[in-house]
Amino acid sequence: MKKSTTLFLFSLWVLTSCDVLEQKPESNFTPANFYKNAEDAKAAVSTVYDPLNSSDLYGQIMWIIQDQATDDAEWGGGRSTANQAKNDLDKYTFTPATTTFQSLWSAVYRGINRANTVIDRVPGILMDNDLKNRYVAEAKFMRGFYYFTLVRLFGGVPLVVKETTSLNDLAVPRASVDEVYNQIIQDFTDAEGVLPATYTGADRGRATRGAAKAFLAKVYLTRQEWTKAAAKAKEVIDSGTYDLWANYGDAFQIANKNGKEAVFEMQALGGGFGEGSWMQGYMRPNFDRVNGIAGFGDDPVTENLYKTYREDDKRRNVAIRLYSATSTPAAPASVAFPGYVYKYLDPSATANGDGSNNYPIIRYADVLLMYAEALNEISAGNPEAYTAINRIRSRAGLPELAPTLSQAEFRDSVLLERRLELAFEGHRWYDLARTKRLISAINAQNPTIKVEERHYLFPIPQTEIDVNPALTQNPNY
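In this text the structure is predicted, and so the values were computed from the model without any measurement. (Residues numbered from 1 in each chain as written. Predicted model: local features only at pLDDT ≥ 70, side-chain atom pairs only at ≥ 80, totals over all residues. Heavy atoms only, no water.)

Caption draft 1: Local environment of the overall build of the protein. Along the backbone of the protein there are 19 helices and six strands. Here the C-alpha radius of gyration of the protein, 22 Å, is about what a compact globule of 477 residues would show, namely 23 Å. Oriented by its inertia axes, the alpha-carbon framework of the protein measures out at about 65 × 50 × 50 Å. When burial is assessed residue by residue, the protein has 57% of its 477 residues classed as buried. Within the protein, contacts between residues separated by at least 24 positions form 69% of all contacts whose residues are at least 6 apart in sequence. For the protein, the accessible surface area stands at approximately 19300 Å², while carbon and sulfur atoms represent 51% of it. For the protein, the centre of its 51 positive side-chain charges and the centre of its 57 negative side-chain charges are spaced 1 Å apart. (Helix = DSSP H or I, 4+ residues; strand = E, 2+ residues; numbered from the N terminus. Rg over C-alpha atoms; globule rule 2.2 N^0.38 Å. Buried < 20%, exposed > 50% of the residue type's maximum accessible area, 1.4 Å probe, protein only. Contact = heavy atoms within 4.5 Å. Areas by Shrake-Rupley, 256 points an atom, 1.4 Å probe, with all protein chains shown as cover. Lys, Arg positive; Asp, Glu negative; His and termini not counted. Charge placed at Lys NZ, Arg CZ, Asp CG, Glu CD.)

Caption draft 2: Structural context of the pattern of salt bridges. Scanning all chains against the criterion turns up 42 salt bridges. A salt bridge links Asp203 to Arg206; the nearest nitrogen and oxygen atoms lie 3.1 Å apart. Its relative accessible area of 22% is what places Asp203 among the partly exposed residues. Arg206 sits in the buried class, given a relative accessible area of 11%. Taken together, the salt bridges that share partners define one network made up of Glu261, Asp313, Arg315, Lys343, Arg363, Arg393, Arg395, Glu417, Glu421 and Glu425. (Salt bridge = Lys/Arg side-chain N within 4 Å of Asp/Glu carboxyl O.)

Caption draft 3: Inspection of empty space enclosed by the protein at higher detail. According to the stated counting rule, one finds five cavities of 30 Å³ or more in the structure shown. Here the largest cavity is characterised by a volume of approximately 90 Å³. Along the wall of the largest cavity there are 13 residues; nearest its centre are Tyr58, Arg152, Ile361, Gly426 and His427. Sorting the residues of the lining of the largest cavity by element identifies helix H7 (129-154), helix H9 (209-222) and strand S6 (359-363) as the ones contributing at least two each. Considering every element that reaches the lining of the largest cavity, the biggest residue donor is S6, with three residues. A class-by-class count of the residues in the lining of the largest cavity yields seven nonpolar, three polar and three charged. In terms of lining residues, the second largest cavity is bounded by Ala251, Phe252, Gln253, Ile254, Lys257, Glu265, Tyr344, Ser356, Asn357, Asn358 and Pro360. (1 Å grid on protein atoms, 1.4 Å probe; cavity = no way out; pocket = protein on both sides within 12 Å on 5 of 7 lines; lining within 4 Å. Points joined across faces, edges and corners; volume = space filled by probe spheres on them. Nonpolar A, V, L, I, M, F, W, Y, C, P; charged D, E, K, R; others polar.)

Caption draft 4: The packing of helix H8 (residues 177-192) against H9, seen in detail. At their nearest, the axes of H8 and H9 sit 8 Å apart, and the two run at 155° to each other. Looking at the two axes, H8 sits roughly antiparallel to H9. Between H8 and H9 lies a crossing of left-handed hand. Contacts from Tyr181, Ile184, Ile185, Phe188, Thr189, Ala191 and Glu192 of H8 reach H9 at Arg209, Ala212, Lys213, Phe215, Leu216, Val219, Tyr220 and Thr222. Here the contact of H8 with H9 is built from residues that sort into ten nonpolar, two polar and three charged. (Axes fitted to C-alpha atoms, helices over the stretch in contact; angles between N-to-C directions. Parallel < 35°, antiparallel > 145°, perpendicular 65-115°, else oblique. Left-handed = near helix turned anticlockwise from the far one by under 90°.)

Caption draft 5: Summary view of the side chain of Arg206. With respect to the helices, strands and loops of the structure, Arg206 is situated in the loop between H8 and H9. At 3.5 Å, the side chain of Arg206 forms a polar contact with the side chain of Ser46. Within the structure, the side chain of Arg206 is placed 3.1 Å from the side chain of Asp203, a separation counted as a polar contact. Dropping the residues within four chain positions of it, Arg206 is found in contact with Lys42, Val45, Ser46, Tyr49, Arg134, Glu138 and Tyr199. (Polar contact = N/O pair within 3.5 Å; in protein donor to acceptor, adjacent residues only side chain to side chain.)

Caption draft 6: Representation of the packing of helix H14 (residues 364-378) against helix H16 (residues 407-421). Where H14 meets H16, the closest approach of the two axes is 10 Å, and the angle between their N-to-C directions is 170°. In terms of orientation, H14 and H16 fall into the roughly antiparallel class. Relative to H16, the crossing made by H14 is left-handed. In this structure, H14 uses Ala365, Asp366, Leu369, Met370, Ala372, Glu373, Asn376 and Glu377 to contact H16, whose residues at the interface are Gln407, Phe410, Arg411, Val414, Glu417, Arg418 and Glu421. Residues belonging to the contact of H14 with H16 are distributed by class as follows: six nonpolar, two polar and seven charged.

Caption draft 7: Summary view of unusual backbone geometry. In this structure, the amide linkage connecting Thr328 to the following residue, Pro329, adopts the cis form with an omega of 0°. Tracing the sequence through the fold places Pro329 in the loop between strand S4 (320-322) and strand S5 (339-341). Even without a glycine there, the phi angle at Asn258 is positive, about 60°. Here Asn258 lies in the loop between helix H10 (226-238) and strand S1 (262-266). Located in the positive-phi region is Asn291, a residue other than glycine, with phi close to 55°. You can see Asn291 is positioned in the loop between strand S2 (289-290) and strand S3 (293-294). What makes Asn291 partly exposed here is its relative accessible area of 46%.

Caption draft 8: Broad picture of the nonpolar core. Residues Phe141, Phe154 and Phe458 are the most contacted members of the largest nonpolar core, which totals 135 residues. The leading source of residues in this core is H7, at 14 residues. Excluding its chain neighbours within four sequence positions, the residues that come into contact with Phe154 are Phe101, Leu104, Trp105, Arg174, Leu457, Phe458, Pro459, Ile460, Pro461 and Asn474. With five residues, the next largest nonpolar core counts Phe287, Tyr323, Val335 and Tyr340 among its residues. (Core = buried A, V, L, I, M, F, W, Y, C linked by side-chain atoms within 4.5 Å.)

Structural data, given as structure tokens:
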């Protein structure tokens with residue numbers, strides 16, 4: 001692995017603890033002298049979450065992959081040639097040298113190594129045992145989450161579960177897909193047994209027991225282990241911790257973040273703290289200004305998605321704003337289809353990277369739809385499957401599905417419902433990949449884009465291949 005993915009960073013603590021005019025040797029932190037008390041443990045765990053809101057993950061790259069590499073969105077184009085990598089994702093002209101993959105890979109392994117550091121070192125700290133165990137469980141949850149991200153995008157990857165403390169022995173080969181999944185399941189299982197159901201105050205947004213169960217449901221769904229997927233989703237449902245907001249748009253209101261529908265979210269905080277969200281800046285069009293700030297127009301909605309919504313679907317106008325030549329602002333004639341993501345607007349943000357919108361990685365609606373899908377695969381016609389999906393449809397103002405669908409018809413219905421309910425929340429590419437519908441979906445949206453069987457996995461970054469002779473490339477790249 002590359003150097004940047006393996007060294008634990010202490011810069012946050014160094015910058016906040018050293019007097020630049022009078023530096024003393026004892027103010028320089030090392031692994032040997034840092035992990036001494038509960039505050040050290042808390043700081044270390046917090047860094048495990050940090051990559052989520054970086055531009056290399058949910059700050060930008062993750063939803064570029066998960067939106068633009070699907071039939072839901074396109075690359076906005078026209079900003080600069082420096083963004084060729086994003087256009088390549090949209091058009092499936094990427095290669096192992098496409099920089100997007102290296103950025104994502106490095107950020108994820110940075111998070112994994114930080115999690116490993118917590119798991120290895122925090123148990124040795126003299127502190128409250130319950131809190132200590134919770135911190136380790138949070139780190140295991142995040143390690144499972146990061147590896148789940150990698151295995152779905154790249155297949156088998158180097159499986160590192162101990163802290164990397166030197167630049168020796170870094171030529172780690174790829175583990176098998178099953179080996180990676182076994183570790184993911186173990187991490188989420190360990191976490192669900194320790195993590196609390198909820199948090200209060202500043203701790204809201206941390207990994208919870210329900211989040212671990214929800215991710216286990218998603219892991220089993222991806223693996224087509226339907227009985228296990230249904231059981232875990234049912235545990236989340238039966239917990240009573242989560243519920244749907246009455247109105248679809250309420251789930252994306254800043255006042256409701258980490259609320260009753262949120263299972264796990266990327267945390268964002270506006271106000272000039274350097275912790276804000278870039279979503280509204282990237283996703284709004286560059287002819288629309290909020291508080292005088294223009295968007296970038298990177299993520300325009302496809303006409304295919306917009307027209308898939310029924311006109312009476314209450315979700316459409318929450319998720320998407322359709323501009324026109326006569327609207328305010330007016331869409332320029334050069335825009336082929338003037339639909340843009342609207343569900344993450346922060347009207348109070350005064351800079352594009354300073355939104356307070358969290359990114360919903362798993363919502364309760366996702367859990368209900370996973371439950372419906374798994375039940376249908378176990379046995380067609382299950383009444384609980386209809387109850388789960390119809391809760392989603394009813395909120396959207398749509399008629400309930402009649403309990404007369406075949407197993408294949410219900411399968412199609414739940415995949416469609418996932419597309420409409422979870423648009424621009426990072427699920428579409430994974431759904432198309434795990435159901436083997438990626439090629440047909442992209443072809444229906446834009447037949448000039450040539451998606452092939454190899455594209456069910458992305459290429460291992462070429463820079464990683466170059467520095468790690470033990471790595472092998474995915475087929476046909």
